[in-house]
Amino acid sequence: MDTAPLRAYLVDDEPLAIERLQRLLAAFPSIQIAGSANDPARAIEFLNSDPAAIDVLFLDIQMPGMNGFEMLSRLARQPFVIFTTAYDQRALRAFETNAIDYLLKPIDTDQLQRALGKLGRLRPVAVPVWQQSPDLPAMLRDLAASLQRGQSGYPQRIASRVGERISFLPLDDVTHFLAHDKLTYAVVNGKSHCVDQTIVELERRLDPAKFLRIHRAALVNVDWVHEVNSWFAGKVVLTLKDAQHTQLTVARDRVSTVKQRLGI
Amino acid sequence: MTYVPAQNDSDLCAKPEPTRNWAIAFLKGMWIVPAIAVAVVMLFLVFEHTRLSDVGLKFIASLIYSACIGIPSSFVLNWTSHRYSVRFPRLVVLFDVASLLATATAGTFAGGIVLQLVRIEPRNRFWLEFWSAYPIALIVTLAFGLTITSFETMRHKLQSATIQLRTRQVEQERANKLLAEAQLSSLESRIHPHFLFNTLNSIAALIPSDPKRAEDTVGKLASLLRFSLNANQNSLVPLSQELKIVRDYLEIESTRFGPRLRYQIDVPDTLADIKVPPLALQTLVENSVKHVVAERTEGATIRITGNRDGGRISLKVIDDGPGFSLASISPEHGLGNLSARLQLLFGDAGQLDVIRVDARTVASVSFPAES
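Everything numeric here is computed off the predicted structure, so don't read it as measured data. (Residues numbered from 1 in each chain as written. Chains lettered and ligands numbered in written order. Predicted model: local features only at pLDDT ≥ 70, side-chain atom pairs only at ≥ 80, totals over all residues.)

Enquirer: Explain the overall build of chain A residue by residue, including any values.
Expert: Across its full length, chain A holds nine helices and 15 strands. For chain A, buried positions account for 35% of its 264 residues. Taking all contacts inside chain A whose residues are at least 6 apart in sequence as the whole, residues at least 24 apart take part in 55%. (Helix = DSSP H or I, 4+ residues; strand = E, 2+ residues; numbered from the N terminus. Buried ≥ 20, exposed ≤ 12 C-beta atoms within 10 Å, placed from the backbone. Contact = placed C-beta atoms within 7 Å.)

Enquirer: An account of the overall build of chain B is requested, with residue identities and associated values reported.
Expert: Counting secondary structure elements, chain B contains 10 helices and seven strands. Across the 371 residues that make up chain B, the buried fraction comes to 30%. In chain B, the proportion of contacts linking residues at least 24 apart, taken out of those at least 6 apart, comes to 70%.

Enquirer: Can you explain helix H9 (residues 280-293) of chain B? Please cite residues and give values.
Expert: Over its 14 residues, H9(B) runs 19 Å from end to end, which matches the ideal 20 Å to within 8%, given 1.5 Å per residue. In terms of burial, H9(B) is largely enclosed, as 13 of its 14 residues are buried. (Expected span 1.5 Å × (residues − 1).)

Enquirer: Explain the confidence of the model for chain A to me, and be specific about the residues and the numbers.
Expert: One rule of thumb: low pLDDT means the predicted coordinates there are not for detailed reading. For chain A, per-residue confidence averages 85 on the pLDDT scale, and 92% of positions sit at 70 or higher. Of all helices and strands in chain A, the one with the weakest mean pLDDT is strand S7 (residues 165-170) of chain A (77), whereas helix H1 (residues 15-26) of chain A scores best (94). (pLDDT = per-residue confidence, 0-100.)

Enquirer: Lay out the packing of H9(B) against helix H10 (residues 334-346) of chain B in plain terms, naming residues and giving numbers.
Expert: Residue and element names in this part refer to chain B. The contact between H9 and H10 brings their axes to 9 Å, and the two run at 160 degrees. By the angle class used here, H9 and H10 are roughly antiparallel. The handedness of the crossing between H9 and H10 is left-handed. For the pair H9 and H10, the contacting residues are Ala-280, Thr-283, Glu-286 and Asn-287 in the first and Gly-334, Leu-335 and Leu-338 in the second. (Axes fitted to C-alpha atoms, helices over the stretch in contact; angles between N-to-C directions. Parallel < 35°, antiparallel > 145°, perpendicular 65-115°, else oblique. Left-handed = near helix turned anticlockwise from the far one by under 90°.)

Enquirer: Describe the packing of helix H6 (residues 193-209) of chain B against helix H7 (residues 211-230) of chain B, and please don't skip the residues or the numbers.
Expert: All names here are of chain B. It is at 7 Å that the axes of H6 and H7 come closest, and there the two elements cross at 155 degrees. Classed by the angle they form, the pair H6 and H7 counts as roughly antiparallel. The two elements H6 and H7 meet at a crossing, and its hand is left-handed. Taken together, the residues of H7 that come into contact with H6 (itself represented by Thr-199, Ser-202, Ile-203, Leu-206 and Ile-207) are Pro-211, Arg-213, Ala-214, Thr-217, Val-218 and Leu-221. Partitioned by chemical class, the residues of the contact of H6 with H7 number seven nonpolar, three polar and one charged. (Nonpolar A, V, L, I, M, F, W, Y, C, P; charged D, E, K, R; others polar.)

Enquirer: Summarise the sheet that holds strand S14 (residues 236-240) of chain A; cite the residues concerned and give the values.
Expert: All names here are of chain A. The three strands lie next to each other as S13-S14-S15, forming an open sheet whose pairing is antiparallel. Strands at the two margins of the open sheet, each flanked by one partner only, are strand S13 (225-230) and strand S15 (247-250). Looking at each pair of strands side by side, their axes are set apart by 25 degrees on average, direction ignored. As paired strands, S13 and S14 are joined by five bridges and run antiparallel to one another. By the bridge assignment for S14, Glu-227 is matched with Thr-239. (Pairing = 2+ DSSP bridges.)

Enquirer: How would you sum up the pairing of strand S3 (residues 56-60) of chain A? Please name residues and give values.
Expert: Residue and element names in this part refer to chain A. For S3, the buried fraction is high: five of the five residues fall into the buried class. The side-chain alternation of S3 yields two buried faces, one formed by Val-56, Phe-58 and Asp-60 and the other by Leu-57 and Leu-59. Bridging between strand S1 (residues 6-11) and S3 involves four bridges; their strand directions are parallel. Residue Leu-10 lies in a different strand from S3, and its bridge partner there is Phe-58. The sheet contact formed by S3 and strand S4 (residues 80-85) spans five bridges and is parallel.

Enquirer: Outline the environment of A:Ala27, supporting the account with residue identities and numerical values.
Expert: Residues and elements named next belong to chain A. Relative to the helices and strands, Ala-27 resides in the loop between H1 and strand S2 (31-37). The exposure class assigned to Ala-27 is exposed, which follows from the 10 C-beta atoms found within 10 Å. When the C-alpha positions of Ala-27 and Thr-109 are compared, they lie 9.6 Å apart, and in sequence the two are 82 residues distant.

Enquirer: Any details on the pairing of S14(A)? Residues and values, ideally.
Expert: All names here are of chain A. Residue alternation in S14 divides its side chains into a buried set, Val-236, Leu-238 and Leu-240, and an unburied set, Val-237 and Thr-239. As judged from the four bridges shared by S14 and S15, these two strands associate in the antiparallel manner. Residue pairing in the sheet places Val-237 in a bridge with Thr-249 of S15. As consecutive antiparallel partners, S14 and S15 are separated by six residues, and within that stretch His-245 has a phi angle of approximately 50 degrees, a positive value.

Enquirer: A description of H7(B) should follow, citing residues and the corresponding values.
Expert: Residues and elements named next belong to chain B. Compared with the 28 Å implied by 1.5 Å per residue over 20 residues, the 29 Å span of H7 between its first and last C-alpha is a close match. Residues Thr-217, Lys-220, Leu-224 and Phe-227 constitute the buried set of H7. Taken down its axis, H7 places every buried residue within 95 degrees of arc, on the same side. Pointing more than 90 degrees away from the buried face of H7 are the exposed residues Pro-211, Gly-219, Ala-222, Arg-226, Leu-229 and Asn-230. (Arc of directions from axis to C-beta.)

Enquirer: Any chance you could break down the environment of B:Asn307 for me, citing the residues and the numbers?
Expert: Residues and elements named next belong to chain B. Mapped onto the elements of the fold, Asn-307 is located in strand S4 (residues 300-309). Accessibility expressed as a C-beta count within 10 Å gives 15 for Asn-307, which makes it partly exposed. The spacing of Asn-307 and Ser-366 is 59 residues in sequence and 9.6 Å in space, taken between C-alpha atoms.

Enquirer: Explain the confidence of the model for chain B to me, and be specific about the residues and the numbers.
Expert: Residues and elements named next belong to chain B. Averaged over all residues, the pLDDT of chain B equals 80, while 81% of them reach at least 70. Within chain B, strand S2 (residues 261-266) carries the highest mean pLDDT (95), whereas helix H1 (residues 18-28) carries the lowest (60). Within the model, the stretch residues 1-19 combines pLDDT values under 50 with 27 contacts to residues more than four positions away or in other chains. Taken over the whole predicted complex, pTM reads 0.62, whereas the ipTM for its chain interfaces reads 0.70.

Enquirer: Describe in detail the sheet that holds strand S5 (residues 102-104) of chain A, supporting the description with residues and values.
Expert: All names here are of chain A. Taking strand neighbours across the sheet as the criterion, the five strands line up as S2-S1-S3-S4-S5 in an open arrangement whose pairing is parallel. One side of each edge strand has no neighbouring strand; the edge strands of this open sheet are S2 and S5. If you compare each strand with its neighbour and ignore which way they point, the axes differ by 20 degrees on average.

Structure below.
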């Protein structure tokens, strides 16, 4: 039976977090700390210079420059990874769905013991199933991107910039978005406010139950639709509830989707 | 980016065609013409004891009369109710009666001519036929016309009442939802789990190596949490209190980030007693720490300034980070929440600005000084 200690490498941007994990791991004779890094770029350099030098990687999720998933995707060889995070609901959801090992900071000794126990049974160290998947690079890229997208759920407000001033418009008040001359405007009570996203980005980002694409250049808030008028030759025009009774034409190829969504 | 209002865009906006809608309504109403013809034939059968062999002829005659009267009546009724029912809700009944009488007269006359043309009635009996058909035509037209009109009016009233009720329900629901969201987001923005757990982790790391500092950090965390929980979103606090919280926060974060976080507070003591919205400056500082210090290996230097210019207070947080795009900040928390709060407290007099000056990001809040 192989009794050589497992070589561990720790990556966390906070020096105190590394210090504490080192101290906790010192209590386990089966673990030998091979090194640590505060900077993910430095860690990649070290790990790629000698891919066989370590057995297990303790990896933080939120770090400057790149997050833990991105760092892992850049490694030449996958070591057994145990993620550490203080609080990140998106990452936790990803861990649960993919059966990924993780520790919550501040790390509890029992929790650590359980994780290391599982690792000890896997000698000679094999990486977990999710790290052996051929889709791993794509999966890590998706995970990294999903963390960068920020908050989960649909936004309730949208930032708009007028000159140097940023204002936030409640999306409930936005009757529709219009694209015009390569700029996108959120229209609130007949007033247009410039926003940074394109119509396509907005359609992807906003609650689809609320914002409906009716035109190449228009996204309408269904709560503000007052009536739907069908004209000759299948042309459909929406009238909004705003004071101006704004009318928007539905693109021919979107008519059926729009009618279905508005329940007609 | 310049501000260009998107208006009068002929491609996207269109004028309605009102004629189209009531033309459809008019056509839909045409089932009434044969129905009236049948009803009139029944009347003849019952009251004039018409022979059964004459029924076919009577039906054709009635059909011609009801078409001659019914089509224009329906047309005129649609038009009057469309034009006048909103403007003159009471007078519209008089309009209806008058137009029904007119169409009945003209229709009977036209019907008589048609009957002569198709040789159902001999030519010399035109006026005889007219005077015998006229009273029946008047009674039937008024009876059917007014019944249908009042029925349609009732239906419209009911429909608009339903729509109003539904609109009110939707608005009520929206108000409830907004309230719940505001409460939830204010709770979330007061206790940031990510910050809380990381700080607990720092404290756990400090306990054996630097117990004094661990103890200090616990104290600072406690005062920050207490301030956050007590902060009433709608009242103001002295700037000195807000600055103490900002300092506590920065010291806690320094423990975590070490030399990556450098800061400097340049607020004159004369401003200590001015009233500021709680957690406003704190939100700006937190934004810089989250988006610049935590995101960059080299960290950042944060400078906090405050000044009073006449009746306005301006608090600034300046960092040497690369700036951030609107898309990267979450409008749900932090700045978005702050912007909504300033609007609530000061209306348009409260401003949140983010600008780039000399390769620095300057985030500032300004609002009227309380006398």
